[in-house]
Amino acid sequence: MNSTKKYLVVFIAISVFSYTTANAQRVRIQNNPKYDLKPYHFGFALAANKMDFSIKPVENFNSLDSVMVIESQPQWGFNIGIVSNLRLGQSFDLRFIPTLSFGDRILNYSLVENDTFKITRPKKIESTFIDFPLILKYKSQRMNNARAYVLSGFRYSIDLASQAKKKDRKKDLIKLKQNDMLFEFGVGFDFYLTYFKFATEIKMAYGIRDLLERDNTVYTNSIKKLNSKIFQISFLFE
């Protein structure tokens, strides 16, 4: 079981336990009973992300140059966002959560030099994203002071740290395109407290666009397609 699956299992276990405990208590008086009747509301979100790449190498790439293996090494980062929620009906909400995301990713290249000597060269790629996700949220029925939900949508991202347009003489610099489009989906739980609503959610985002800026080097010629893959755990206060 990889680390992402472990975090998913832990998240679901904790959330289900909290959800079950809230129901078992049989709270007689609901907190904020009219909360979900508001046409719109706002809040903020804090999140931890794990940025990664999905790599599709060119066919027989290791016979074309000295690159033998290309691996992505995910890194942890964090997000800060502002929540805007529009009520569409009893079960659906439309959410817009502009977010500032920080994170790193590493591409590890295993190279063969002088036909015999194998070395590994890590290429660290730093990113600072401004994210504009538009999300459709489907909610279950409220059970006392908790409810579950699922969500899906699209995210447009601008990488402020992108070096794609910079002219750099370094031939070993990995450059990514500045703009990306991602599809995301996830699950979460709302908990209605006395003065506000607290939510925990977990989601995955998969990039649609090929991000690699090719410059005819050994590091880019071996990759046919490079897409973002992001795992995220969020805590929302609304």
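Our subject is the structure that appears above.
Conventions we followed
- Residues numbered from 1 in each chain as written.
- Predicted model: local features only at pLDDT ≥ 70, side-chain atom pairs only at ≥ 80, totals over all residues.
- Heavy atoms only, no water.
- Helix = DSSP H or I, 4+ residues; strand = E, 2+ residues; numbered from the N terminus.
- Buried < 20%, exposed > 50% of the residue type's maximum accessible area, 1.4 Å probe, protein only.
- Areas by Shrake-Rupley, 256 points an atom, 1.4 Å probe, with all protein chains shown as cover.
- Core = buried A, V, L, I, M, F, W, Y, C linked by side-chain atoms within 4.5 Å.
- Contact = heavy atoms within 4.5 Å.
- Polar contact = N/O pair within 3.5 Å; in protein donor to acceptor, adjacent residues only side chain to side chain.
- Phe/Tyr/Trp six-rings, centres within 6.5 Å; stacked < 30°, edge-to-face > 60°.
- Lys NZ or Arg CZ within 6 Å of the ring centre and 35° of its normal.
- Salt bridge = Lys/Arg side-chain N within 4 Å of Asp/Glu carboxyl O.
- Pairing = 2+ DSSP bridges.

Colleague: Could you clarify how one ought to interpret the overall build of the chain in this entry?
Modeller: In terms of helices and strands, the chain carries 2 helices and 9 strands. Secondary structure elements of the chain, listed N to C terminal, follow the sequence α-β-β-β-β-β-β-β-β-α-β. The burial tally for the chain puts 42% of its 238 residues in the buried class. Accessible area of the chain: about 13300 Å², with a carbon and sulfur share of 59%.

Colleague: Can you help me understand the nonpolar core in this one?
Modeller: Soluble globular proteins: nonpolar side chains tend toward being buried together. Ranked by size, the top nonpolar core spans 15 residues in total, and within it Phe53, Leu107, Tyr109, Ile174 and Leu226 carry the most contacts. Of all the secondary structure elements, the ones that give two or more residues to this core are β2 (67-87), β4 (99-113), β5 (117-139) and β9 (223-237). Here this core gets 3 residues from one element, more than from any other, and that element is β4. Leaving out residues up to four positions away in the same chain, leucine 226 has contacts with Phe53, Ser54, Ile55, Leu107, Leu176, Arg209, Asp210, Leu211 and Leu212.

Colleague: Honestly, unusual backbone geometry in this entry has me stumped. Any pointers?
Modeller: Glycine aside, the phi torsion of most residues is negative, and most peptide linkages are trans. One non-glycine residue, asparagine 32, lies in positive phi territory at about 45°. Non-glycine residue asparagine 144 carries a positive phi angle of around 60°. You can see asparagine 144 is positioned in the loop between β5 and β6 (146-159). On the accessibility criterion, asparagine 144 (17% relative accessible area) is buried.

Colleague: Explain the side chain of lysine 203 to me, please; I cannot follow it from the model alone.
Modeller: With respect to the helices, strands and loops of the structure, lysine 203 is situated in strand β8 (residues 197-207). At 3.3 Å, the side chain of lysine 203 forms a polar contact with the side chain of glutamate 184. Beyond its immediate sequence surroundings of up to four residues, lysine 203 is in contact with Ile135, Leu151, Arg155, Glu184, Phe185, Gly186, Ile230, Phe231 and Gln232.

Colleague: Would you take a moment to explain the packing of aromatic side chains for this structure?
Modeller: Given two aromatic rings, their pairing is described by the distance between the two centres and the angle made by the two planes. Within this structure, the stated rule accounts for 13 aromatic pairs. Here phenylalanine 198 and phenylalanine 235 contribute two aromatic rings whose centre-to-centre distance is 6.4 Å and whose plane-to-plane angle is 15°, an arrangement assigned as stacked. Of this pair, phenylalanine 198 sits in strand β8 while phenylalanine 235 sits in strand β9, and the two are 37 residues apart along the sequence. The rings of Phe44, Phe196, Phe198, Phe235 and Phe237 are connected pair by pair, giving a single aromatic cluster. Just above the ring of tyrosine 219 sits the side chain of lysine 123; from NZ or CZ to the centre is 4.7 Å.

Colleague: Is there a simple way to think about the environment of serine 84 in this case?
Modeller: Turning to its location among the elements, serine 84 is positioned in strand β2. The spacing of serine 84 and phenylalanine 44 is 40 residues in sequence and 8.6 Å in space, taken between C-alpha atoms. In this structure serine 84 touches His41, Phe42, Leu94, Arg95 and Phe96, once residues within four positions along its chain are discounted.

Colleague: How should the pattern of salt bridges be read in this particular structure?
Modeller: Between side chains of opposite charge, a pair can form as their charged atoms come close. For the structure shown, the criterion picks out 12 salt bridges. The partner of arginine 95 in a salt bridge is glutamate 238, and the shortest N-O contact between them spans 3.0 Å. Here glutamate 238 lies in the segment after β9 and arginine 95 lies in strand β3 (residues 92-96), a separation of 143 residues in the sequence. For the residue pair arginine 95 and glutamate 238, the accessibility class agrees, reading buried in each case.

Colleague: Honestly, the side chain of asparagine 79 in this entry has me stumped. Any pointers?
Modeller: Within the secondary structure, asparagine 79 sits in strand β2. At a separation of 2.9 Å, a polar atom in the side chain of asparagine 79 contacts the side chain of glutamine 232. In this view, asparagine 79 contacts Ala45, Leu46, Ala47, Asn49, Thr99, Leu100, Ser101 and Gln232; residues no more than four positions away in its chain are not counted.

Colleague: What exactly am I supposed to notice about the pairing of β8 here?
Modeller: Each regular strand shows side chains that alternate between the opposite faces of the sheet. Across the 11 residues of β8, 10 count as buried, placing the element largely inside the fold. Examined bridge by bridge, strand β7 (residues 179-192) and β8 share 11 bridges and lie antiparallel to one another. Among the inter-strand pairings, valine 187 is bridged to a residue of β8, identified as isoleucine 202. The hairpin formed by β7 and β8 contains 4 residues between the paired strands.

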